[in-house]
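Reading the structure
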Amino acid sequence: AFLRFHLCRASRDGSRSWWPTTMSILAPKYISADGVRHLKNYRYSATDPSYLSDLHQPFWEWVTSLLPRWLAPNLVTLFGLFCVFASFLLHTACASWIDHSTRCLLSALFIFLYQTLDAVDGKQARRTKSGSPLGQLFDHCCDSMSIGLLSHVLLSAVMQPPTEEAILIHLALFVAFWFSTWEEYHTHTMYFGYIGVTEALVLQIGAIALTGVMGPTFWDKSVSVYIPHFGEYVSKLALC
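The following refers to the structure shown. Owing to the predicted nature of the structure, the values given are computational and were not obtained by experimental measurement.

Another point: the side chain of Ser107. When you line up the elements, Ser107 lands in helix H6 (residues 100–128). What makes Ser107 buried here is its relative accessible area of 0%. In terms of polar contacts, Ser107 uses its side chain to reach the backbone carbonyl oxygen of Arg103, at 2.8 Å. Setting aside its immediate chain neighbours within four residues, Ser107 contacts Ser87, Leu90, His91, Val153 and Ile208.

Quick look at the packing of helix H7 (residues 133–157) against helix H9 (residues 197–214) now. Look at H7 against H9: their axes get within 9 Å of each other, and the N-to-C directions meet at 30 degrees. By the criterion of interaxial angle, the relationship of H7 to H9 is roughly parallel. Two packed elements cross with a definite hand, and for H7 against H9 that hand is left-handed. Across from Leu150, Val153, Leu154 and Ala157 in H7, the residues of H9 making contact are Leu201, Gln204, Ala207, Ile208 and Thr211. Residue classes in the contact of H7 with H9 are distributed as seven nonpolar, two polar and no charged.

On to unusual backbone geometry, then. The phi dihedral of Lys129 is positive, around 55 degrees, even though this residue is not glycine. For Lys129, the position within the fold is in the loop between H6 and H7. The class of Lys129 is exposed, set by a relative accessible area of 77%.

For the rest of this paragraph, the subject is the packing of aromatic side chains. Per the stated rule, a full pass over the model turns up six aromatic pairs. Summarising the aromatic geometry, the rings of Phe179 and Trp182 are spaced 5.6 Å apart at their centres and angled 50 degrees between planes, so their arrangement reads as tilted. Within this pair, Phe179 and its partner Trp182 are both found in helix H8 (residues 164–187), separated by three residues, close to a single helical turn. Under the relative-accessibility criterion, Trp182 is labelled partly exposed at 35%. Each member of the aromatic cluster is reached from another via a ring pair, and the members are Phe59, Trp62 and Phe112.

Reading the values: the criteria
- Here, residues in each chain are numbered from 1, in the same order as that chain's written sequence.
- Given that this is a predicted model, residues contribute local features only at a pLDDT of at least 70 and side-chain atom pairs are listed and counted only at 80 or more, while totals for whole chains, interfaces and linings are drawn from all residues.
- Just so you know, side-chain values use all the structure's heavy atoms and leave hydrogens and water out.
- The helix and strand labels rest on DSSP assignments: H or I over at least four residues marks a helix, E over at least two residues marks a strand, and numbering proceeds from the N terminus.
- Only protein chains enter the accessibility calculation, which uses a 1.4 Å probe. A residue is then buried if its area is under 20% of the maximum for its type, exposed if over 50%, and partly exposed in between.
- Any pair of N or O atoms that falls within 3.5 Å is considered a polar contact. Within protein, one atom must be able to donate a hydrogen and the other to accept it, and sequence-neighbouring residues count only if both atoms are side-chain atoms.
- We call two residues contacting when some pair of their heavy atoms lies within 4.5 Å.
- Fitting a line to C-alpha atoms yields each axis, with helices limited to the stretch in contact; the angle taken between N-to-C directions then spans 0 to 180 degrees.
- For classification purposes, angles smaller than 35 degrees are called roughly parallel, those larger than 145 roughly antiparallel, those between 65 and 115 roughly perpendicular, and all remaining angles oblique.
- Handedness of a crossing follows from how the near helix is turned relative to the far one, being left-handed for an anticlockwise turn of less than a right angle and right-handed for a clockwise one.
- All residues other than Ala, Val, Leu, Ile, Met, Phe, Trp, Tyr, Cys, Pro, Asp, Glu, Lys and Arg, Gly among them, are scored as polar; the first ten of these are nonpolar and the last four charged.
- A pair of Phe, Tyr and Trp rings is counted when the ring centres sit within 6.5 Å of each other, with Trp represented by its six-membered ring. The angle between the planes then sorts it: under 30 degrees is stacked, over 60 is edge-to-face, the rest tilted.

This is the structure we're talking about:
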């Protein structure tokens, strides 16, 4: 769907540049002949007003400086996807021989690595002047694959059974991602918002790490168990 959005947009903009014919061989069912011709003309534009992203920028710049210049940005993206797969496998294939606490702590680490690599791949592309429309699409497609896996990891970590609520959480994440892409199709800019991807990943990392330390029963207890008179505070805030 993401490819179709931007290929149609490039075609609509009227640019006339050719992309290697191998693309029409690799994806004949998903990319029209007209779309293949205009794939090369796609230009990525994004706006990220997130305060948390701004706080992470010095760290991401530092990590980028550690990467060798010969390392392809797409390879950085792929390593990030591998971290997501590793986190997913911890709660599926490895669930029977690794204890829950260890799985959660390792998952939090892998998701942190994914977040970091996902943030520095674009910086590496600009640093090495090797950015391309196909590289950005590859990055976005990897992110779309990660959504379902990350939501599964979170639900597995907190021991959420396969209920309607769990399905709704999965759907909410996919719908949010789809609408974000749809918005970019119309505005030509990916807008992340003041509360966006960085905040979501930090919350997920924190929740999974907290589960690894406190145990999944942490989420079964009322907030007032950990914060006395919490209900009263909320009521006073509502009145204000």
